[in-house]
Amino acid sequence: MQTRHRGLRALHLPVKPIFFSCKTKVRGDILIVVLLGFLLPDRAMGVLSNGRGSIAALVFFLVKFSTATEIPLSVQQVPTITKQSKLQVAFPFDEYFQIECEAQGNPAPTFTWTKDDKPFDFSDPRIIVSNNSGTFKIPNEGHISHFQGKYRCFASNKLGVAMSEEIEFIVPSVPKFPKEKIDPLEVEEGDPVVLPCKPPTGLPPLHIYWMNIELEHIEQDERVYMSQEGDLYFANVEERDSRSDYCCFAAFPKLRTIVQKMPMKLTVNSSNSIKQRKARLLLPPAERGPESSVTILKGDTLLLECFAEGLPTPQVDWEKVGGDLPKGRETKENYGKTLKIEKVTYRDKGIYRCTATNFLGWASHDFHVIIEEPPRWTKKPQSGVYSTGGSGILLCEAEGDPAPTIKWRVNGSPIEKNPFAGDVLSPREISFTNLQPNHSAVYQCEASNAHGTILANANVDVVDVPPLIQTEDGKSYAAVVGASTFLHCRFFASPEAAVSWEKVEEMNPLEGRRFQVHKDGTLQLDGATEDDAGQYSCWVVNAKGRAVVTASLDIRNATKVRISPASPRVPTSHTLELHCESQCDAHLKQSLRLSWSKDGEAFEMNGTEDGRVTIDGASLTISAVTLEDQGIYTCSAQTELDNVTAVTQVTILDVPDPPEHLSLSERQNRSVRLTWEAGDDHNSDISEYIVEFEGNKEEPGRWEELRRVQGEETTVVLPLAPYVTYQFRVIAVNEVGRSQPSRPSDRHETPPAAPDKNPQSIRVQASQPKEMIIKWEPLKSMEQNGPGLEYRVTWKPQGASVEWEEETVTNHTLRVMTPTVYAPYEVQVQATNSLGAGPEPQSVVLYSGEDYPDTAPVIQGVDVINSTVVKVTWSTIPKDRVHGHLKGYQINWWKTKSLLDGRTHPREVNILRFSGQRNYGMVPSLDAFSEFRLTILAYNSKGAGPESEPYTFQTPEGVPEQPTFLKVVKVDKDAATLSWGLPKKLNGNLTGYVLQYQIINDTDEIGELNDINITTPSKPSWRLSNLSSTTKYKFYVRACTAKGCGKAITEESTTTGDGGKSIGKIPEGVNVTRKMHPVEAFEPGAEPIVRVLPKSWVDNNSIFEDVIETRGREYAGLYDDIATQGWFIGLMCAIALLTLTLLTVCFVKRNKGGKYSVKEKEDLHPDPEGQSGKDETFGDYSDSDEKPLKGSLRSLTRDIQATESADSLVEYGEGEQGLFGEDGSFIGAYAGSKEKASVESNTSSSAAFPLRA
């Protein structure tokens, strides 16, 4: 009985070869085989769920026909070559060259080699031999050319000899152009020229380039061509072809080598008599005659070339005699000079003709193309395992062109020299009977023709052994409910063995339609259920013995998957969102993987290049969808045991395609039928069609809507106007939007007719008295109905029994004079054209031109409502004095003087109009306590009439505006001094102020409001006493007149702590820039810092600049802790006195002309940063007598008392201009003396120092 080998000894089936792959995962003691499209039967366990019929069927097919298994290496067997080299090239840049030959067998094979069919010394010290294999390395050391040749490997043991195919080892030489002297070439203009290249031989591929010495390519065109051999052809030379550096370069990429031929010089002499000549072929050369043959291997690329000389330059055409060139595989290159056919087949053989032509003649050449083929197997001998007494046959057939020669060998030698008894030999098969163990051997079949040789080894192993089960005992399997499952029992047995499976607890062979045992021992279980879980045993029995293995099977719940939403419909440019909902067995959750595909093509997990597709776990999002996104979307849920899918149809909606094939029929004077065909609705039914037309002579190219048609209709009768050349187009509408307009229809012209309507909107334009300028809306181009449009205008006084006056005009305006002002007239306007008049016109009443009113109203009185508003009354003028349509009355008023100071104001007139017929009006926004005058007049559409006599009135006192500012200029422990500015508008005689204050500490409680009435309006300041220390107050100040008090201005401030002062005196002669930096402007916890700079330190714009810096809250807290300590105050005073002493010494030395060094300066004035930021010393000295000293002051906290140093500011004194805010910011200004300045503290210590102005 014969059992076939696997692997290299594959079973020959009467079907196309199929290649499969699988991945095997071992997890714990459970072997799980994941099918990847197809399954290898000897490795794969059935893991197929319901609905995977195609895969299950394929697995069944493979298992059914894969009856062979590998011979275990523990069983004696002939050698089998498992790996060998192919063509090997000795590239000069490689370190070594390896020629491989690997084989297996039992006993382990030994290796020998032949080179060029002669024994090769495998022990040559110049080669490195690998252990336990036939592989050896040739180091790239010195000359290795003597290793070049054709090698063959033989692997042998006591049972037989396996032989490899020939392995050619090529040692390429370095290609070089021969050294030669190339004579210059001199020709006449128009002559043909060939510049030969003749590149050296070398390892293919070969690339040839023609360039100049600057490595610029020689341009090729219809006139200049480089042949496949590398020669450069000129059909006719021109003067510009002259050059001395034509260079041919040959590149060998595999050798990384480029070689250059010596430059060639070509001189083209100009000629006054260039003779034209007919085409003559230069390629193929004339010595080949009118035809030649070309042999090419099947599947290669055919290249045929023709080049002709002549003047003018000939054109080359190609044809296949008696047939057509193969479409899709043929291209014409190099301006038609090369015919290229890719992947030639036997159908491409035949005669190909090239024809070169110019107007003087032609030349042609026929190529007889012959297609041949290297040998290829049609029946390849297969290895087999046989038992004693068995029989078999080896087939060997091959095809090729020429037909291959078949040769048989056994154990590497010609079979004629070493035949086995009982073998029957024929050219294409060997048969044998009654095999015995000594008949084990390796048979070789070799097929050869002129284009190559192929070799096949077929092992004949005669073996008698009891069953050897190769599947591991106790293996665990798992499957999902409903799936087909495969439990393996791979074995080797010779002679043939019987296989049976049984469930351990039942002890009976498995029977039934759900169970099938394959020849390789595999148990196929279809439609798995939970009851199938348990222990199984496999028994293998032959004439030599028996063997058994056990296996366990676990059943899991099948995976389920669903896509939501189902069958979505999404408009273009919107976003598609799909969610894959899955459910699987708890044991399979870790292996669950979800993937998405569209129409069978998988999405990449990182989306697409344009970023529209995003996959986030189970969600698929596509933004800005297009019609290409429509299709069937699949979500696949894959686990270790099953792979299930869910699909949904995604429909993309878009605006319809434009309607097509517009046609006109039933053409009438006032109508026409338009018919069209609907375009693609892109998955959304068309709801309606919009028919537009173009034909307006005034606006050509402007399309207007004419009619709307229901979506199920594709024809409509359109109403038309006379005297119009129509063109129509149609727009389709669906739920997404409108389509693009269709292509316009043919034009349709309607005949002229009399007008169907008269002008509208007849009116009178503003005109002069006793004049009517009549205007109307002219008829549009589509309403004129014909040529010669005119307007007939008739008019008469309203109600008068007189004849109508008439005038015909071509424009849309008419000027008519009347005997009276503002008299009513009946007016009619009728449209006419060359074909008649329009319908009877309707009359409208219009008035003749207006005139100005000729009288003024009489002011009856002015009533004062309050200090800013008065009510004016007047008598209306008679209707006949209006001389038109009364539009209203106008009041003019102006302020004459202020009653507060008696100052006269220049006349600035204000205007207020009241529409309609009325006799009173309110005048607002007056100034209080002032004198005014006003007049009144009537006005109509023409304009204003005369003014009335002026009327004088006065407004009473009012309450003043709020004070312009309020500042807390001084804060003590229990007192605060406030100052404010007068209101901008007093609105009367100022009687005093109301000062209010209350506690507003940072709590929810607000203190009681205290009032102080100040009856001295000339004193805008006040000192509040008896305040609580360290308390925040809010102050309110209102200015008052006899009428009452105005709006309050407010300010907030905090009193100081014990012993604290917020202000000191500033030395005289010092100005202060008023710059207010409110505390609210700082970050929380920040403290203000004031720096005082001497005059002219930077410029002369100001004496002091205030600089605000911010300290962090942690620094402020530090200063708050130490600022009130006595030791700190004493330290500050000591530092200040020391600094003043040093300054005095320095100035005395300067006045005496003394000098001191920078070192002395540094010693006398240490870095102020060294004081840890707790004080501020004077900065750099000035070397110029004109420059003052630079000083600065830093206020650490509002609670710190002013220091006694010479640069501090003493307490603010009464009557001084200097001011400090409650936060310590310097906001005041000082008056200074040019002679000196003193600095005083609130203690007895003082110091004086000179300042230079």
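Residue indices begin from 1 for each chain and proceed along its sequence in written order. Per-residue local features of the predicted model are confined to residues with pLDDT of at least 70, and side-chain atom pairs are confined, for both listing and counting, to 80 or more; whole-chain, interface and lining totals are unaffected and use all residues. With hydrogens and water excluded, all non-hydrogen atoms of the structure serve as input to the side-chain values.

A. Summary view of the overall build of the chain. Helix numbering and strand numbering both begin at the N terminus, where a helix is a DSSP run of H or I of at least 4 residues and a strand a DSSP run of E of at least 2. For the chain, the count of helices and strands is four helices and 91 strands. For every residue, the accessible area obtained with a 1.4 Å probe (protein chains only) is divided by the maximum for its type, and the residue is called buried under 20%, exposed over 50%, and partly exposed between those limits. Sorting the 1253 residues of the chain into buried and exposed places 45% on the buried side. Only heavy atoms enter the contact rule, under which two residues are in contact if any of them lie within 4.5 Å. Restricting the contact set of the chain to residue pairs at least 6 apart, pairs at least 24 apart contribute 66%. Here the open area of atoms and residues is found with the Shrake-Rupley method and a 1.4 Å probe, where only the protein chains shown may cover a residue. Carbon together with sulfur atoms contributes 48% to the accessible area of the chain, which is approximately 65,400 Å² in total.

B. Representation of the sheet that holds strand β39 (residues 429-432). Any two strands are treated as partners once DSSP identifies two or more bridges connecting them. In spatial order, the strands read β34-β39-β38; together these three strands make up an open sheet with antiparallel pairing. Strands at the two margins of the open sheet, each flanked by one partner only, are β34 (392-395) and β38 (424-426). Pairs of neighbouring strands in the sheet enclose a mean axial angle of 10°, with direction left out of account. Here β34 runs beside β39; their pairing, made up of four bridges, is antiparallel. When the sheet's bridge partners are listed, Leu394 is paired in β39 with Ile430. Simply put, an axis is a line fit to the C-alpha atoms, just over the touching stretch for a helix, and the angle between two N-to-C directions goes from 0 to 180 degrees.

C. Structural detail: the side chain of Asn106. Mapped onto the secondary structure, Asn106 falls in strand β8 (residues 101-106). The exposure class assigned to Asn106 is buried, which follows from its relative accessible area of 19%. Among the polar contacts listed, one links the side chain of Asn106 to the backbone oxygen of Leu73, at a separation of 2.7 Å. Polar contacts, as used here, are pairs of N or O atoms within 3.5 Å; protein pairs need one atom able to donate a hydrogen and one able to accept it. Residues neighboring in sequence count only if both atoms are side-chain atoms. There is a polar contact of 3.4 Å between the side chain of Asn106 and the backbone oxygen of Ser74.

D. Just the pattern of salt bridges, in detail. One speaks of a salt bridge when a side-chain nitrogen belonging to Lys or Arg is within 4 Å of a carboxyl oxygen belonging to Asp or Glu. Taken as a whole and judged by the stated rule, the model has 43 salt bridges. The residue Glu180 makes a salt bridge to Lys261 at a minimum N-O spacing of 2.6 Å. Here Glu180, found in the loop between β15 (167-170) and β16 (185-188), pairs with Lys261, found in the loop between β22 (257-260) and β23 (264-269); they are 81 residues apart in sequence, far enough to count as distant. Residue Glu180 is classed as partly exposed on the basis of its relative accessible area of 36%. On the basis of relative accessibility, which here comes to 6%, the residue Lys261 falls in the buried class.

E. Summary view of the packing of aromatic side chains. The pairing test for Phe, Tyr and Trp rings, Trp by its six-membered ring, is centres within 6.5 Å, and the orientation test on the planes gives stacked under 30 degrees, edge-to-face over 60, and tilted for anything in between. Considering all chains together, one arrives at 26 aromatic pairs under this definition. Among the aromatic side chains, those forming a connected cluster through ring pairs are Trp113, Phe120, Phe136 and Tyr151. Lying over the aromatic face of Tyr96, Lys137 brings its terminal NZ or CZ to 4.4 Å of the ring centre. Note that Arg918 overlies the ring of Tyr920, its terminal NZ or CZ placed 4.8 Å from the centroid. Any Lys NZ or Arg CZ that is within 6 Å of a ring centre and within 35 degrees of that ring's normal is treated as a charge sitting over the ring.

F. Expanded view of the environment of Ser271. Note on placement: Ser271 falls in the loop between β23 and β24 (277-283). C-alpha separation for the pair Ser271 and Glu239, spaced 32 residues apart in sequence, amounts to 9.5 Å. With sequence-adjacent residues up to four places away left out, Ser271 is seen in contact with Glu188 and Glu189. Among the polar contacts made by the side chain of Ser271, one reaches the main-chain amide nitrogen of Ser273 at a distance of 3.2 Å.

G. Structural detail: the pairing of strand β29 (residues 330-333). When β29 meets strand β30 (residues 338-341), the two strands line up antiparallel, connected through four bridges. Bridge pairing in β30 links Glu333 to Thr338. Joining the antiparallel neighbours β29 and β30 is a turn of four residues, in which Asn334 adopts a positive phi near 55°.

H. Spatial organisation of a negative patch on the surface. A surface patch of like charges, here negative, comprises Asp657, Glu660, Glu677 and Asp680. Of note, Glu660 is situated in strand β60 (residues 660-665). Put simply, a patch holds well-exposed residues, over 30% relative accessible area, that have no salt bridge, with like charges counted together within 9 Å and Val, Leu, Ile, Met, Phe, Trp or Tyr side chains within 5 Å. Under the convention used here, Asp and Glu are negative, Lys and Arg are positive, and both His and the chain ends fall outside the count. Where a charge lies is defined by one atom per residue type, namely NZ (Lys), CZ (Arg), CG (Asp) and CD (Glu).

I. Fine view of the state of the cysteines. Only a pair of cysteine sulfur atoms within 2.5 Å qualifies as a disulfide here. Enumeration according to the criterion identifies seven disulfides in this entry. The disulfide partner of Cys306 is Cys354, and the S-S distance across this bridge is 1.8 Å. Classification of the bridge connecting Cys306 and Cys354 rests on its S-S torsion, roughly -65°, and on that basis the disulfide is left-handed. Note that Cys306 is positioned in the loop between β26 (302-305) and β27 (307-311) and Cys354 in strand β31 (residues 350-358), a separation of 48 residues in sequence. We note that Cys306, like Cys354, is buried. Each sulfur in the disulfide pair Cys396 and Cys445 lies 1.6 Å from the other. Here the disulfide of Cys396 and Cys445 is left-handed, its torsion about the S-S bond being about -75°. In this pair, Cys396 sits in the loop between β34 and β35 (397-401) while Cys445 sits in strand β40 (residues 441-449), placing the two residues 49 residues apart along the sequence. One exposure class covers both Cys396 and Cys445, and it is buried.

J. Focus on the sheet that holds strand β7 (residues 96-99). Spatial strand order, β7-β12-β11: three strands in an open sheet with antiparallel pairing. Looking at the sheet topology across the chains shown, the edges are occupied by β7 and β11 (128-129). Across four bridges, β7 lies against strand β12 (residues 136-139) in antiparallel orientation. Residue Ile99 lies in a different strand from β12, and its bridge partner there is Phe136.

K. Representation of the confidence of the model for the chain in the model. pLDDT measures the predictor's confidence residue by residue and takes values from 0 up to 100. When pLDDT is averaged along the chain, the result is 80, and 80% of the positions lie at 70 or above. Taken element by element, the predicted model of the chain shows its lowest mean pLDDT in strand β3 (residues 30-35) (28) and its highest in strand β76 (residues 870-875) (96). Here residues 1-68 is a poorly scored stretch, pLDDT under 50, and it has 153 contacts once near neighbours within four places are set aside; other chains count. The model gives residues 1153-1253 a pLDDT under 50, and that stretch makes 229 contacts with residues more than four places away or in other chains.

L. Quick peek at the environment of Ala162. Tracing the chain through its elements places Ala162 in strand β14 (residues 160-163). Expressed as a C-alpha distance, the spacing of Ala162 and Thr80, which sit 82 residues apart in the sequence, is 6.1 Å.

M. Layout of unusual backbone geometry. Pro284 follows Leu283 through a cis peptide bond whose omega is -10°. Within the element layout of this structure, Pro284 appears in the loop between β24 and β25 (291-297). Pro495 follows Ser494 through a cis peptide bond whose omega is 10°. Along the chain, Pro495 falls in the loop between β45 (491-494) and β46 (498-503). One non-glycine residue with positive phi stands out, namely Asp116, at about 55°.

N. Structural view of the pairing of strand β75 (residues 858-864). Bridge count for β75 against β76 is six bridges, and the pairing is antiparallel. Paired with Gly861 across the two strands is Thr873, which belongs to β76. The loop that links β75 with its antiparallel partner β76 comprises five residues.

O. The environment of Asp746, seen in detail. Take Asp746: it is sitting in the loop between β65 (725-733) and β66 (748-749). Asp746 sits 82 residues away from Leu664 along the chain, and the two C-alpha atoms are 7.3 Å apart. Not counting the four nearest positions on each side in its chain, Asp746 is found in contact with Leu664, Arg667, Tyr726 and Gln727.

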